[in-house]
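These are the residues of each chain, in order.
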There are 2 protein chains.
Amino acid sequence: MNCLEISGEVCHVDPVRYTPAGIPALNLILKHSSEQIEANLKRTINCELSAKIMGNDALIPLKIGDRIKTKGFIGNKSAKSNQLIFHINFIEYL
Amino acid sequence: MNCLEISGEVCHVDPVRYTPAGIPALNLILKHSSEQIEANLKRTINCELSAKIMGNDALIPLKIGDRIKTKGFIGNKSAKSNQLIFHINFIEYL
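Residues numbered from 1 in each chain as written. Chains lettered and ligands numbered in written order. Predicted model: local features only at pLDDT ≥ 70, side-chain atom pairs only at ≥ 80, totals over all residues. Heavy atoms only, no water.

The name an unreviewed UniProt entry gives chain A is Replication restart protein PriB, with Candidatus Methylopumilus universalis as the organism. Turning to chain A, the UniProt annotation filed under Sequence similarities (unreviewed entry) states: "Belongs to the PriB family." As recorded by UniProt, the Subunit (unreviewed entry) comment attached to chain A reads in full: "Homodimer. Interacts with PriA and DnaT. Component of the replication restart primosome. Primosome assembly occurs via a 'hand-off' mechanism. PriA binds to replication forks, subsequently PriB then DnaT bind; DnaT then displaces ssDNA to generate the helicase loading substrate." (UniProt positions renumbered as here; feature names shortened; annotations may be inferred.)

Take a look at the structure:
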């Protein structure tokens, strides 16, 4: 089980690139802010999430300021890095 | 919307501490490994996730090696850090 659903605003987006196998890939940063309940207390939560989209959804023309709803899974950026990256496999404009 | 569901193994757990308001709090690191589908390709995903539990669930006697299923939300560790932390508000032994 590894499923993240999060909405946010695109605050950085790279140009589309292609893997050696010709698969489109897009790297972006998603800015999220919301109110959450923790130990019965309401608190404001913020985060900036490095994210990537692989495949046809990487061709969706995202631009800074777009508000999107996304779903996917999280993993380490690389074998040598504990930094997290969000692999988006579902995306919808808000 | 900010909801993460993830299962994994406890690979580090701090002693329980209490906030100034007397709320129990527990910091741990969750190690996750799974196979995911991305752009129609199966890939192995690994990550280590800093996590915290606030409230009574923080008193659950977790120990290294425990396999757990969790649900919660993600946020920045602090206002000055983009490092992510997983706020667990549901936990179940696997």
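## Section: the pairing of strand E4 (residues 41-54) of chain A
Residues and elements named next belong to chain A. Pairing analysis gives 14 bridges linking strand E3 (residues 24-38) to E4, with the strands arranged antiparallel. Considered in E4, the bridge of Glu35 is made with Thr44. What sits between the antiparallel neighbours E3 and E4 is a turn of 2 residues, in which Ala39 has the positive phi angle 50°. Both E4 and strand E6 (residues 81-93) contribute to a ladder of 3 bridges, which runs parallel. Paired with Ala51 across the bridge in E6 is Phe86. (Pairing = 2+ DSSP bridges. Helix = DSSP H or I, 4+ residues; strand = E, 2+ residues; numbered from the N terminus.)

## Looking at the interface of chain B and chain A
Listed by partner, the interface residues are 33 residues for chain B and 33 residues for chain A. Taken together, both faces of the contact between chain B and chain A bury some 2800 Å²; the carbon and sulfur share is 61%. Ranking the residues of chain B by area buried against chain A places B:Met1, B:Glu38 and B:Phe73 at the top, with a combined share of 21%. Counting across the interface, chain B meets chain A through 0 salt bridges. Where chain B packs against chain A, one counts 10 residue pairs in polar contact (both at pLDDT 80 or more). Only strand E1 (2-13), strand E3 (24-38), strand E4 (41-54), strand E5 (67-78) and strand E6 (81-93) of chain B provide two or more residues apiece to the side of chain B that touches chain A. Ranked by residue count, the leading element in the side of chain B that touches chain A is E4(B), at 9 residues. Partitioning the side of chain B that touches chain A into residue classes produces 15 nonpolar, 12 polar and 6 charged. (Contact = heavy atoms within 4.5 Å. Buried area = accessible area lost by both parts, 1.4 Å probe. Salt bridge = Lys/Arg side-chain N within 4 Å of Asp/Glu carboxyl O. Polar contact = N/O pair within 3.5 Å; in protein donor to acceptor, adjacent residues only side chain to side chain. Nonpolar A, V, L, I, M, F, W, Y, C, P; charged D, E, K, R; others polar.)

## A word on the pairing of strand E5 (residues 67-78) of chain A
Sheet topology note: the strand E1 (residues 2-13) of chain A/E5(A) ladder contains 6 bridges and is antiparallel. Along E5(A), the bridge assignment pairs A:Ile6 with A:Thr70.

## Some details on the layout of surface pockets
With a probe scaled to a water molecule rolled over the atoms, the places where space remains empty come into view. Of the voids in this model, the largest pocket is the one considered here, and its volume is about 310 Å³. When contributions to the lining of the largest pocket are tallied by element, the ones reaching two or more residues are E4 and E6 of chain A together with E4 and E6 of chain B. If you trace the second largest pocket, you find it lined by A:Lys52, A:Gly75, A:Asn76, A:Lys77, A:Ser78, A:Ala79, A:Ile85, A:His87, B:Arg43, B:Thr44, B:Ile45 and B:Asn46. Broken down by secondary-structure element, the contributors of at least two residues to the lining of the second largest pocket are E5 and E6 of chain A together with E4 of chain B. Of the residues in the lining of the second largest pocket, the class split is 3 nonpolar, 6 polar and 3 charged. (1 Å grid on protein atoms, 1.4 Å probe; cavity = no way out; pocket = protein on both sides within 12 Å on 5 of 7 lines; lining within 4 Å. Points joined across faces, edges and corners; volume = space filled by probe spheres on them.)

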